Amino acid sequence: MRILLVEDDRNVAETVRRTLMSQGWVVEVAGDGVTGLEAARSAHFDVVVLDIMLPGLNGYEVVRRMRAERVWTPVLMLTAKSGEYDLADALDLGADDYLTKPFSVVVLIARLRALARRGAPERPAVLSAGDLALDPGAHTAHRGDTELVLTPREFAVLEYLMRHKGQVRSKADILASVWDSDAGGDDNLVEVYISYLRRRVDAPFGRKAIETVRGHGYRLAADGGAHTS
């Protein structure tokens, strides 16, 4: 098995490298995010072991760019952070698993074997509606050649609408699918985020893709919205 280890702490990197080599695996070490990203792009690896806190580019940005460039090598994140939101961010950006430091090398080896058996997963197909495109795997959205800058929640609402393009979806449907129970059933949140999306997805391009169906909810036009005069 061929492993890319991206870790700036030399002591940790050397310990992990020797441990993995003792399993008969080939290990390439990169000491910063820029070098690690270039290695992930240019060579085949079975798994990338990626620290979050790195010089140059942090681990979040490395995995985000990997997925944006359709490099689907499984990624195991190493983090000294224990906050659930930090770990959720890593997974949302495309990481496949994580370990919190300090970690057991026995567990590390088991996780790497599991990821290698799983292989690079088939990523979700790009969703499209006219010239509006959304890639769930790479977490990117475009209107024609223009990349749309969306918050994670805006992205989630747009993804839901695109998966149901041409269909009317109620506020309750959208709320239940995109928000967790902490939203408290407040469907005003849906109105707010629909407004945000229209400002980013429609208005700058003279489009009306996100339609209001009075008394029922919202619908994303299957053709991506007609040009407004």
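We now turn to the structure provided with this report.

Rules of the game
Residues numbered from 1 in each chain as written. Predicted model: local features only at pLDDT ≥ 70, side-chain atom pairs only at ≥ 80, totals over all residues. Heavy atoms only, no water. Helix = DSSP H or I, 4+ residues; strand = E, 2+ residues; numbered from the N terminus. Buried < 20%, exposed > 50% of the residue type's maximum accessible area, 1.4 Å probe, protein only. Contact = heavy atoms within 4.5 Å. Areas by Shrake-Rupley, 256 points an atom, 1.4 Å probe, with all protein chains shown as cover. Expected span 1.5 Å × (residues − 1). Arc of directions from axis to C-beta. Polar contact = N/O pair within 3.5 Å; in protein donor to acceptor, adjacent residues only side chain to side chain. Salt bridge = Lys/Arg side-chain N within 4 Å of Asp/Glu carboxyl O. Pairing = 2+ DSSP bridges. Axes fitted to C-alpha atoms, helices over the stretch in contact; angles between N-to-C directions. Parallel < 35°, antiparallel > 145°, perpendicular 65-115°, else oblique. Nonpolar A, V, L, I, M, F, W, Y, C, P; charged D, E, K, R; others polar. Core = buried A, V, L, I, M, F, W, Y, C linked by side-chain atoms within 4.5 Å.

### Here's the deal with the overall build of the chain
The number of helices and strands found in the chain is 8 helices and 11 strands. The buried share among the 229 residues of the chain stands at 43%. If you take every contact in the chain between residues at least 6 apart in sequence, the share linking residues at least 24 apart comes to 55%. Accessible area of the chain: about 11700 Å², with a carbon and sulfur share of 48%.

### A look at helix α1 (residues 10-21)
When the terminal C-alpha atoms of α1 are compared, their 16 Å separation across 12 residues agrees well with the 16 Å that a helix rising 1.5 Å per residue should span. Restricting attention to buried positions, one finds in α1 the residues Ala13, Val16, Thr19 and Leu20. One face of α1 carries all of its buried residues, which in axial projection span an arc of 135 degrees. Set apart from the buried face of α1 by more than 90 degrees, the exposed residues are Arg10, Asn11 and Arg18.

### A word on helix α5 (residues 105-118)
With 14 residues, α5 extends 20 Å between its outermost C-alpha atoms, agreeing within 8% with the 20 Å of an ideal straight helix rising 1.5 Å per residue. All of the buried residues along α5 are Leu108, Ile109, Leu112 and Leu115. For α5, the buried positions fall inside an angular range of 130 degrees around the axis, keeping them on one side. Counted as exposed and oriented over 90 degrees from the buried face of α5: Val106, Arg117 and Arg118. Next to the buried residues of α5 lie α1, β3 (47-51), β4 (75-79) and β5 (97-100). The distance from a side-chain oxygen at the start of α5 to the backbone nitrogen of Val106 is 3.2 Å, and the residue carrying that oxygen is Ser104.

### A word on the pattern of salt bridges
Scanning all chains against the criterion turns up 19 salt bridges. Its salt-bridge partner being Arg163, residue Glu159 comes within 2.9 Å of it at the nearest N-O pair. With Glu159 and Arg163 both in helix α6 (residues 152-163) and 4 residues apart, this pair spans about one turn of that helix. Using a relative accessible area of 43% as the deciding quantity, one classes Arg163 as partly exposed.

### Points about the sheet that holds strand β8 (residues 140-143)
Working definition: the strands of a sheet are paired by backbone hydrogen bonds and lie parallel or antiparallel to each other. As summarised here, the arrangement of the 4 strands in space is β6-β7-β8-β9, forming an open sheet in which the pairing is antiparallel. Each edge of the open sheet carries a strand with a single partner, namely β6 (127-129) and β9 (146-147). Relative to the sheet, α6 contacts β6, β7 (132-135) and β8, its axis offset from that of β7 by approximately 110 degrees.

### Observations concerning unusual backbone geometry
Across the junction of Lys101 and Pro102, the peptide omega takes the value -10 degrees, indicating a cis bond. Structurally, Pro102 can be placed in the loop between β5 and α5. Of note in this structure, Arg70 is not a glycine but carries a positive phi near 60 degrees. Note that Arg70 resides in the loop between α3 (59-68) and β4.

### A word on the packing of α6 against helix α8 (residues 188-202)
As a packed pair, α6 and α8 sit with axes 10 Å apart at the nearest point and diverge in direction by 85 degrees. What the angle tells us is that α6 and α8 run roughly perpendicular. Each of Arg153, Glu154, Val157, Leu158 and Leu161 in α6 lies in contact with α8, whose residues at this interface are Tyr193, Ile194, Tyr196, Leu197, Arg200 and Val201. Tallied by class, residues from the contact of α6 with α8 come to 8 nonpolar, no polar and 3 charged.

### Re the nonpolar core
Counting 26 residues, the largest nonpolar core has Val157, Leu158, Met162, Ile174, Trp179 and Leu220 as the members making the most contacts within it. Of all the secondary-structure elements, those providing two or more residues to this core are β6, β7, α6, α7 (171-178), α8 and β11 (217-220). When residues in this core are grouped by element, the largest group, 6 residues, is from α6. Non-local contacts of Trp179, meaning those with residues more than four positions away in its chain, are made with Arg153, Val157, Ile174, Leu189, Val190 and Tyr193. One finds Ile52, Val71, Val75 and Met77 within the second-largest nonpolar core, a separate group that totals 21 residues.

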